[in-house]
Amino acid sequence: MAFVGSVGLGGARAGQGRRCVSMKVQTLPTAVRLQSLRSSVNSPVGKVRSRAPFNVNDALEYLLSRGVRVDAVEVGRSVMEVLREMHVEESTVLAGLLRGMPLTEVEISNMFGEETLEVWRRDREFCGMMLANPLDTPKLSLVSMIGDFQCLVIELAHAVASLRHLPMSSLSKKTKEHLQQILKVHVPLADTLGMNSVHAELEELAFMHLYPEEYDEMCVLVGERLEKYGSLLRDTIKEMELALANLPQFQKVSSFRVYGRIKNCFSIYRKMLSKELKFEEVMDFVALRVILNPKSGVPEKDACERVMREVTKRWKIVEGTKRDYINNPKDNGYQSLHATILPKGLPMEVQVRTERMHECSEIGSAAHYNYKFEGLHQLI
């Protein structure tokens with residue numbers, strides 16, 4: 001299933017967000033939304049390097065002037081926001097925005113440049129193939145069918161944008177099938193490409209719409225546990241910062257930052273089911289991330305190990321929880337050092353990695369690869 005066109009699942013009407021999810025659109029009258037969109041095209045948001053006659057903001061204004069529906073342009077704006085977060089080139093951002101828009105090839109070439117037209121043509125072929133061969137197979141089938149990274153990230157961006165704009169209402173059979181397809185195909189694909197932020201948003205929003213009762217139950221449990229962990233997390237971050245404050249004076253680390261991460265509802269739910277755990281037995285519910293920059297010439301692993309040694313001096317480590325994903329990366333390329341500590345007797349996972357590793361974990365293959373490489377299956 002490709003998200004052909006600009007509206008995608010269930011139309012582009014904005015819905016009311018549930019607890020624990022920050023929906024990125026709001027229900028507004030069309031006139032207000034049109035004014036908002038026209039104002040946004042002059043804002044600094046979304047500025048990317050331009051090699052085409054039109055940049056991304058100009059593209060929004062042009063689509064509105066061509067009579068494209070406001071709701072379709074809103075979804076298109078979400079698509080380009082997702083693609084910007086992937087740090088892809090403007091031709092890919094524009095091609096993602098223009099998917100399914102009523103423009104001719106001559107128009108696209110004149111208005112947005114030959115690079116955009118080239119990506120747009122390949123994406124059109126991709127959409128045609130997906131319509132002719134609906135996906136009912138796992139992620140490897142999708143990857144083996146297409147060797148074009150740009151088309152894959154556009155597909156993922158449209159999946160995210162469609163979920164952001166899916167209204168909170170009863171779902172049709174077709175929409176439920178689309179959501180299940182996202183969980184079966186697009187979520188694993190994002191994981192394969194190492195795009196953790198896309199992966200997390202897709203599964204969380206699909207879970208929220210497909211299983212609203214289970215989602216609400218998880219939100220209640222998470223909320224109750226956050227009340228218990230909130231102050232502890234803040235205190236542990238401060239303590240960690242103090243513990244590592246002198247590290248820049250050592251030979252290996254030039255700088256670092258510390259922040260907390262709360263595991264999303266779907267990840268917790270899936271872990272509880274797969275490992276037959278109670279909610280309170282999920283030990284990585286809260287994680288503390290230390291993101292560092294090694295000094296020049298210092299291997300990343302050495303710098304990360306230096307920080308982890310400092311962590312183990314300060315806190316008791318839960319036996320069997322240390323993981324070295326730097327020497328032994330996950331299948332999607334994820335690298336980090338993990339261990340679970342027990343501040344005040346409560347479990348909290350610590351993740352230590354470099355800025356480069358962190359960027360790769362968030363946007364995955366987009367951080368590594370030239371978008372014109374051949375054979376995406378090489379990543380698998």
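**Q** Outline the overall build of the protein chain, supporting the account with residue identities and numerical values.
**A** A tally of helices and strands in the protein chain yields 14 helices and 5 strands. Per-residue burial for the protein chain yields a buried fraction of 53% across its 380 residues. A separation threshold of at least 6 residues defines the contact pool for the protein chain, and within that pool the share at least 24 residues apart is 73%. Accessible surface, the protein chain as shown: approximately 17600 Å² in total, 50% of it carbon and sulfur.

**Q** Tell me about the pattern of salt bridges, and please be specific about residues and values.
**A** As enumerated under the stated definition, the model contains 20 salt bridges in all. Here E105 makes a salt bridge to R121, at a shortest N to O gap of 2.8 Å. Separated by 16 residues along the polypeptide, E105 in helix 5 (residues 105-112) and R121 in helix 6 (residues 114-132) bring together distant segments of the chain. Look at R121 and you get partly exposed, because its relative accessible area is 35%.

**Q** Can you lay out helix 4 (residues 90-98) for me, pointing to particular residues and giving the numbers?
**A** For helix 4, the buried fraction is high: 9 of the 9 residues fall into the buried class. Residues of helix 4 that are buried: E90, S91, T92, V93, L94, A95, G96, L97 and L98. Within two residues after helix 4, G100 carries a phi angle of roughly 75 degrees, on the positive side.

**Q** Any chance you could break down unusual backbone geometry for me, citing the residues and the numbers?
**A** You will see that H87, though not glycine, has its phi angle at about 65 degrees, which is positive. Residue position: H87 is located in the loop between helix 3 (70-85) and helix 4.

**Q** An account of the sheet that holds strand 1 (residues 253-262) is requested, with residue identities and associated values reported.
**A** Spatial strand order, 1-2-5-4-3: 5 strands in an open sheet with mixed pairing. The open sheet terminates on both sides in strands that have one partner only, identified here as strand 1 and strand 3 (323-324). Pairing between strand 2 (residues 286-294) and strand 5 (residues 348-354): 6 bridges, direction parallel. Following the sheet pairing, L292 is matched in strand 5 by T354. Across the sheet, helix 11 (residues 212-244) lies against strand 1, strand 2, strand 4 (337-341) and strand 5, angled at about 175 degrees from strand 1, the strand it touches most. On the sheet, helix 13 (residues 300-314) packs against strand 1, strand 2, strand 3, strand 4 and strand 5 and is oriented at approximately 150 degrees with respect to strand 5.

**Q** Got a sec to walk through the confidence of the model for the protein chain? Specific residues and values, please.
**A** Averaged over all residues, the pLDDT of the protein chain is 78; the fraction at 70 or higher stands at 76%. Of the regions scoring below 50 in pLDDT, residues 136-141 engages in 8 contacts with residues more than four places distant in sequence or in other chains. Scored below 50 in pLDDT, residues 365-380 makes 33 contacts in the model with residues more than four places away or belonging to other chains.

**Q** Explain the side chain of Q351 residue by residue, including any values.
**A** Inspection of the secondary structure assignment puts Q351 in strand 5. In this structure Q351 comes out as buried when scored by relative accessible area, which is 3%. Of note is the side chain of Q351, whose polar atom sits 2.8 Å from the side chain of R289. Polar contacts involving the side chain of Q351 include one to the side chain of R353, which spans 3.4 Å. Ignoring anything within four residues of it in the chain, the contact list for Q351 reads R261, A287, L288, R289, V290, Y334, S336, L337 and H338.

**Q** Can you lay out the side chain of H209 for me, pointing to particular residues and giving the numbers?
**A** Turning to its location among the elements, H209 is positioned in helix 10 (residues 196-210). Owing to a relative accessible area of 6%, H209 belongs among the buried residues under this scheme.

**Q** Please set out the pairing of strand 5 residue by residue, giving values where relevant.
**A** Of all 7 residues making up strand 5, 7 are buried, and the element is well covered by its neighbours. Taking every second residue as pointing to the same face, both faces of strand 5 are buried, with M348, V350, V352 and T354 on one and E349, Q351 and R353 on the other. Here strand 4 folds back onto strand 5 in antiparallel fashion, the turn holding 6 residues, of which K344 has a positive phi close to 55 degrees.

**Q** Account for the packing of aromatic side chains, naming residues and giving values.
**A** In this description, a pair of aromatic rings is defined by centroid distance and the angle of the planes. Counted by the stated rule, this structure contains 8 aromatic pairs. Measuring from centroid to centroid gives 5.8 Å for Y62 and F112, while their planes differ by 80 degrees, and the two rings are edge-to-face. With Y62 in helix 2 (residues 56-65) and F112 in helix 5, this residue pair connects regions lying 50 residues apart in the sequence. Across the pair, F112 and Y62 agree in class, each one buried. Each member of the aromatic cluster is reached from another via a ring pair, and the members are F207, Y211, Y215, F266 and Y269.

**Q** Let's hear about the environment of E115: which residues, and what values?
**A** Tracing the sequence through the fold places E115 in helix 6. For E115, a relative accessible area of 34% corresponds to the partly exposed category. C-alpha of E115 to C-alpha of A95: the two residues are 20 residues apart in sequence and 9.2 Å apart in space.

**Q** Requested: an account of helix 5, with residues and values cited.
**A** Structural remark: α-helix, 3.6 residues per turn; residues separated by three or four positions point the same way. Of all the residues in helix 5, the buried ones are E107, I108, S109 and F112. After helix 5 finishes, the residue G113 shows a positive phi value of roughly 95 degrees.

Cut-offs and rules
- Residues numbered from 1 in each chain as written.
- Predicted model: local features only at pLDDT ≥ 70, side-chain atom pairs only at ≥ 80, totals over all residues.
- Heavy atoms only, no water.
- Helix = DSSP H or I, 4+ residues; strand = E, 2+ residues; numbered from the N terminus.
- Buried < 20%, exposed > 50% of the residue type's maximum accessible area, 1.4 Å probe, protein only.
- Contact = heavy atoms within 4.5 Å.
- Areas by Shrake-Rupley, 256 points an atom, 1.4 Å probe, with all protein chains shown as cover.
- Salt bridge = Lys/Arg side-chain N within 4 Å of Asp/Glu carboxyl O.
- Pairing = 2+ DSSP bridges.
- Axes fitted to C-alpha atoms, helices over the stretch in contact; angles between N-to-C directions.
- pLDDT = per-residue confidence, 0-100.
- Polar contact = N/O pair within 3.5 Å; in protein donor to acceptor, adjacent residues only side chain to side chain.
- Phe/Tyr/Trp six-rings, centres within 6.5 Å; stacked < 30°, edge-to-face > 60°.

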